[in-house]
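Observations on the three-dimensional arrangement
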Amino acid sequence: MEISFIGAGNLAWHLAPALENAGHHINEVYSRQLQHARQLVSNLYDAHTHSELNFADSPSTLFVLAVPDDALEDVCSRLVLPEQATLVHTSGSKSLQSLEQWMDIYSDVPVKTGVFYALQTFTKGQPFMAFEEIPLCIESTDKATEDALVQLGQDVSNIVYLITSEERRTLHVAAVLACNFTNHLLALAHDLTTQNGLEFDLLRPLITETFRKGLAVNNPANVQTGPARRNDLTTISDHLALLANQPKLAEIYQILTDSIRQYYGR
Ligand SMILES: NC(=O)c1ccc[n+]([C@@H]2O[C@H](COP(=O)([O-])OP(=O)(O)OC[C@H]3O[C@@H](n4cnc5c(N)ncnc54)[C@H](OP(=O)(O)O)[C@@H]3O)[C@@H](O)[C@H]2O)c1
């Protein structure tokens, strides 16, 4: 497939090379700051940077929106696509209907639309991720487009699902809980240790075992430990006293403690 990317950030950094490795061809990469497009293009076979959102003369048939969710409508409003183009967004939370509406409003030519959402965390500059085990959530209201996107998905991944916008929204909230919030807690633990002259490395075996164990069982709730799970109220009070001069952190500690205690009927 002939493909162009709109956006050269975290997702594009990993998805564009994965599509090329699966035999597809990336023609163009657009980014507001051209050096970001240049960085991505330097990792691709013969893609070119594209400095504007006018793709009227593009040889591509598939256009991948890889910009932040909040920028999608603005980008769509300025996007010029060739005839017969398919436009997909890669967002966990934006509906397919929104994309369809924006194209109805803003595009001079009819555009086929879809969703190509990779359920993984991507960071630009990190080693390219193998896509085989990354779940891909596909959606389109047009059967031929859906089939083409499923085929494209199967070219890069063994885990391809048809997922509705509503299902994807729920998955995305679950992903934020499991990934983004967990990672933020790790960052807070990092700061607490290093600010007190302790090495974050001391926590590494604990973090590794927490993830190993949580993934080894059907339900991570079965292996929950800690003061809130044991209902050790004096330990909890002691921890909150230690955090007295960090009210935000104390608040997070209290909210999660309450959640764990309620979950186990305390
Ligand atoms: N990152 C992930 O882990 C992940 C996972 C799954 C799905 N996604 C989805 O992938 C999409 C992109 O996320 P990302 O993390 O790759 O974003 P990102 O790293 O912030 O990349 C943003 C790209 O979009 C461009 N951009 C930002 N604001 C823009 C605007 N107002 N107008 C035009 N271009 C703009 C940036 O241009 P400049 O380079 O010029 O700044 C950059 O090239 C989102 O829909 C997100 O939900 C992300």
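As a convention, each chain's residues are numbered from 1 in the sequence order in which they are written. This being a predicted model, a pLDDT of at least 70 is required before a residue's local features are given, and a value of 80 or more before pairs of side-chain atoms are given or counted; all residues contribute to the totals for chains, interfaces and linings.

What follows deals with the site of the ligand. Taken together, 24 residues sit near the ligand, with Gly 9, Arg 32, Gln 33, His 36 and Ala 71 positioned nearest. In the shell around the ligand, the residues fall into 10 nonpolar, 10 polar and 4 charged. Using a C-beta atom placed from the backbone, a residue is scored as near a molecule or strand whenever that atom is within 6 Å of it. Throughout, the ten residues Ala, Val, Leu, Ile, Met, Phe, Trp, Tyr, Cys and Pro are labelled nonpolar, Asp, Glu, Lys and Arg are labelled charged, and all others, Gly among them, are labelled polar.

Further remarks concern helix 7 (residues 204-216). Each helix corresponds to a stretch of at least 4 residues labelled H or I by DSSP, and each strand to a stretch of at least 2 residues labelled E; elements are numbered beginning at the N terminus. Here the expected length of a helix is defined as 1.5 Å per residue gap, with one fewer gap than residues. Look at helix 7: 18 Å from first C-alpha to last across 13 residues, which is about the 18 Å you get at 1.5 Å a residue. The exposure label follows from counting other C-beta atoms within 10 Å of a residue's C-beta, where the C-beta atoms are placed from the backbone and the thresholds are 20 or more for buried and 12 or fewer for exposed, leaving partly exposed in between. The element helix 7 is largely exposed, with a buried count of 0 among its 13 residues.

Take the packing of helix 9 (residues 233-242) against helix 10 (residues 247-263) next. The N-to-C vectors of helix 9 and helix 10 enclose an angle of 160 degrees; their axes lie 9 Å apart at closest approach. In terms of their interaxial angle, helix 9 and helix 10 are classed as roughly antiparallel. Handedness of the helix 9/helix 10 crossing: right-handed. Where helix 9 approaches helix 10, its residues Ile 236, His 239 and Leu 240 are matched on the opposing element by Ala 250, Tyr 253, Gln 254 and Thr 257. For the contact of helix 9 with helix 10, the per-class residue count stands at 4 nonpolar, 3 polar and no charged. An axis is simply a line fitted to the C-alpha atoms; with a helix, the fit covers only the stretch in contact. Between two such axes, the angle follows the N-to-C directions and lies from 0 to 180 degrees. Angles below 35 degrees are treated as roughly parallel, those above 145 as roughly antiparallel, those between 65 and 115 as roughly perpendicular, and all remaining angles as oblique. Handedness of a crossing is defined here by the sense of rotation of the near helix relative to the far one, left-handed for an anticlockwise turn of less than a right angle and right-handed for a clockwise turn. Two residues qualify as being in contact provided that their C-beta atoms, derived from the backbone, are within 7 Å of each other.

Turning our attention to the pairing of strand 7 (residues 136-139). Of the two faces of strand 7, the one holding Leu 136 and Ile 138 and the one holding Cys 137 and Glu 139 are both buried throughout. Between any two strands, at least two bridges found by DSSP are needed for them to pair. Where strand 6 (residues 112-118) meets strand 7, 4 bridges bridge the pair, whose relative direction is antiparallel. Residue pairing for strand 7: Val 115 is matched across the bridge by Glu 139. Here strand 7 pairs with strand 8 (residues 160-162) via 3 bridges, running parallel. Bridge assignment links Ile 138 to a residue of strand 8, and that residue is Leu 162. Assignment of crossover handedness uses the view with strands pointing away from the viewer, where a clockwise path from the first strand over the helix to the second indicates a right-handed crossover. Running through helix 5 (residues 143-156), the crossover from strand 7 to the neighbouring parallel element strand 8 is right-handed.

Below, the discussion takes up the sheet that holds strand 2 (residues 25-30). With mixed pairing, 8 strands are arranged side by side in an open sheet as 3-2-1-4-5-6-7-8. Taken across any chain shown, the strands that pair with only one partner, and hence form the sheet edges, are strand 3 (48-50) and strand 8. On average, each strand axis in the sheet is inclined to that of its neighbour by 25 degrees, with strand direction left out of account. Across the sheet, helix 2 (residues 34-41) is in contact with strand 2 and strand 3; its angle to strand 3 comes to roughly 155 degrees. Running over the sheet, helix 4 (residues 96-106) touches strand 5 (86-89), strand 6 and strand 7 and is turned about 145 degrees from strand 6.

Turning to the domain arrangement of the protein, a few remarks are in order. What fixes the domain bounds is an automatic or database domain assignment. What the domain assignment lists for the protein is domain 1 (2-163) and domain 2 (169-263). With 6 residues of domain 1 in contact, the opposing surface of domain 2 contributes 5 residues.

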